[in-house]
Amino acid sequence: MIKNSEPEMVSLDKIDRAILEILQRDNKTSQRKIAEQVNLSAPAVQRRIKRLEETGVIQANVAVVDPAKVGQPIVLFVQVAMESERIDLYETAKKSFISAPEVQQCYYVTGDADFMLVVSVRAMSDYEALTRRLFFENNNVKHFRTFVAMDRVKVSLSIPLN
C-alpha cells in the first residue's frame, strides 16, 4: 500500500480563518477590503496571506473555468482498480494520471477502486483515446469504470473552516 505522511497542520486563528473564507469566495478581493472585514491593517493582512501561502495553506491562486464554455463539455468520473499493489506500479500510475491534462483531479481511495479520477474532455472520442493511453496501455490496470456527469449541480474547491 502507498503511505503518504500526514501533512503538518498549520495553526490558524480566527482572523486567518476569516481571511481564508473571504479569499475562497473571491480571490480578487483587495487586501484593503479584507482588512476592513477582519479589523486589521492592509499590511497585516498581506503578511498573513503571505504566511498562508508560504506554509502551503493556500496552494494556488487560480480561476475556476466553466468547461463547457471553453469546449470541454464532458465531465467524467472514473474508478480505476489496479492489478498489483506494488508501490512502484502505483507510483507509475500516479505519474501518468498527473501528466494527463484531461485529468483534473486524482484521488487514491479505499474500497473497490484504487483511484478516482475527474476527467474533462471535448468529445467521447477524446476520452476513448485517453482510456487507451492511461488504462489499456498500463498492464497494471485491472479495470476501470466510467460515470458521465449529466449536470454540474455544484462545483467548489472551498474548504469549510468553521
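Student: Would you explain the pairing of strand β2 (residues 103-108) in this entry?
Tutor: Where a strand is regular, its side chains alternate between the two sheet faces. Bridge count for β2 against strand β3 (residues 115-121) is five bridges, and the pairing is antiparallel. Each residue of the ladder has a partner; that of Y107, found in β3, is M116. In textbook terms, the turn of a hairpin is the stretch between consecutive antiparallel strands, and for β2 and β3 this stretch comprises six residues, one of which, G111, has a positive phi near 105°.

Student: Would you take a moment to explain unusual backbone geometry for this structure?
Tutor: Trans peptide bonds make up the majority, and among non-glycine residues the majority have a negative phi. At N39, a residue that is not glycine, the phi angle is positive and equals roughly 60°. Take N39: its relative accessible area is 70%, and that puts it in the exposed class.

Student: What's the story with helix α5 (residues 124-136) in this structure? I'm lost.
Tutor: Residues that lie three or four places apart on an α-helix share one face, since the helix turns once every 3.6 residues. Of all the positions in α5, only Y127, L130, T131, L134 and F135 are classed as buried. Lining the buried residues of α5 we find β1 (74-82), α4 (87-99), β2, β3 and β4 (141-148).

Student: Got a minute to help me understand the environment of A44 in this structure?
Tutor: Mapping A44 onto the fold places it in helix α3 (residues 42-54). For A44, a relative accessible area of 13% gives the class buried. For the pair A44 and S96, spaced 52 residues apart in sequence, the C-alpha to C-alpha distance is 42 Å.

Student: How should I be thinking about the packing of helix α2 (residues 31-38) against α3 in this particular structure?
Tutor: A pair of packed helices is characterised by two quantities: the angle between their axes and the separation of those axes. The geometry of α2 relative to α3 is characterised by a closest axis approach of 8 Å and an angle of 100° between their N-to-C directions. Between α2 and α3, the angle is such that the two are roughly perpendicular. From α2, Q31, R32, I34, A35 and V38 reach across to α3, where they touch A42, V45, Q46 and I49. Split by residue class, the contact of α2 with α3 holds six nonpolar, two polar and one charged.

Student: I tried to follow the nonpolar core on my own but got confused; where do I start?
Tutor: In globular proteins that are soluble, nonpolar side chains generally tend to be buried together. Ranked by internal contacts, the top residues of the largest apolar core, which has 19 residues, are V78, V80, F97, L117, V119, Y127 and F135. Where this core is concerned, the elements lending two or more residues are β1, α4, β3 and α5. Among the elements that take part in this core, β1 stands out by supplying five residues, more than any other. Leave out the neighbours within four places in its chain, and V119 touches I74, V75, L76, V78, E102, V103, Y127 and L130. In terms of nonpolar packing, the next biggest core, distinct from the first, is built from 13 residues, I22, A35, I49 and L161 among them.

Student: What is the right way to read the packing of helix α1 (residues 14-25) against α2 from this model?
Tutor: The contact between α1 and α2 brings their axes to 10 Å, and the two run at 135°. Overall, the two elements α1 and α2 adopt an arrangement that is oblique. Crossing angle aside, the handedness with which α1 passes α2 is right-handed. Facing I15, A18, I19, I22, L23 and R25 of α1, the residues of α2 in contact are I34, Q37 and V38. Looking at the contact of α1 with α2 residue by residue, the class counts come to seven nonpolar, one polar and one charged.

Student: I'm lost on the sheet that holds β2 in this one. Help?
Tutor: Two strands in a sheet stick together by hydrogen bonds in their backbones, pointing the same way (parallel) or opposite ways (antiparallel). Taking strand neighbours across the sheet as the criterion, the four strands line up as β2-β3-β1-β4 in an open arrangement whose pairing is antiparallel. What marks the edges here is a single partner per strand, and that holds for β2 and β4. On average, each strand axis in the sheet is tilted by 20° relative to the strand beside it, whichever way the strands run. Across the face of the sheet, α4 comes into contact with β1, β2 and β3 while running at roughly 20° to β3.

Cut-offs used in this document
Residues numbered from 1 in each chain as written. Predicted model: local features only at pLDDT ≥ 70, side-chain atom pairs only at ≥ 80, totals over all residues. Heavy atoms only, no water. Pairing = 2+ DSSP bridges. Helix = DSSP H or I, 4+ residues; strand = E, 2+ residues; numbered from the N terminus. Buried < 20%, exposed > 50% of the residue type's maximum accessible area, 1.4 Å probe, protein only. Contact = heavy atoms within 4.5 Å. Axes fitted to C-alpha atoms, helices over the stretch in contact; angles between N-to-C directions. Parallel < 35°, antiparallel > 145°, perpendicular 65-115°, else oblique. Nonpolar A, V, L, I, M, F, W, Y, C, P; charged D, E, K, R; others polar. Core = buried A, V, L, I, M, F, W, Y, C linked by side-chain atoms within 4.5 Å. Left-handed = near helix turned anticlockwise from the far one by under 90°.

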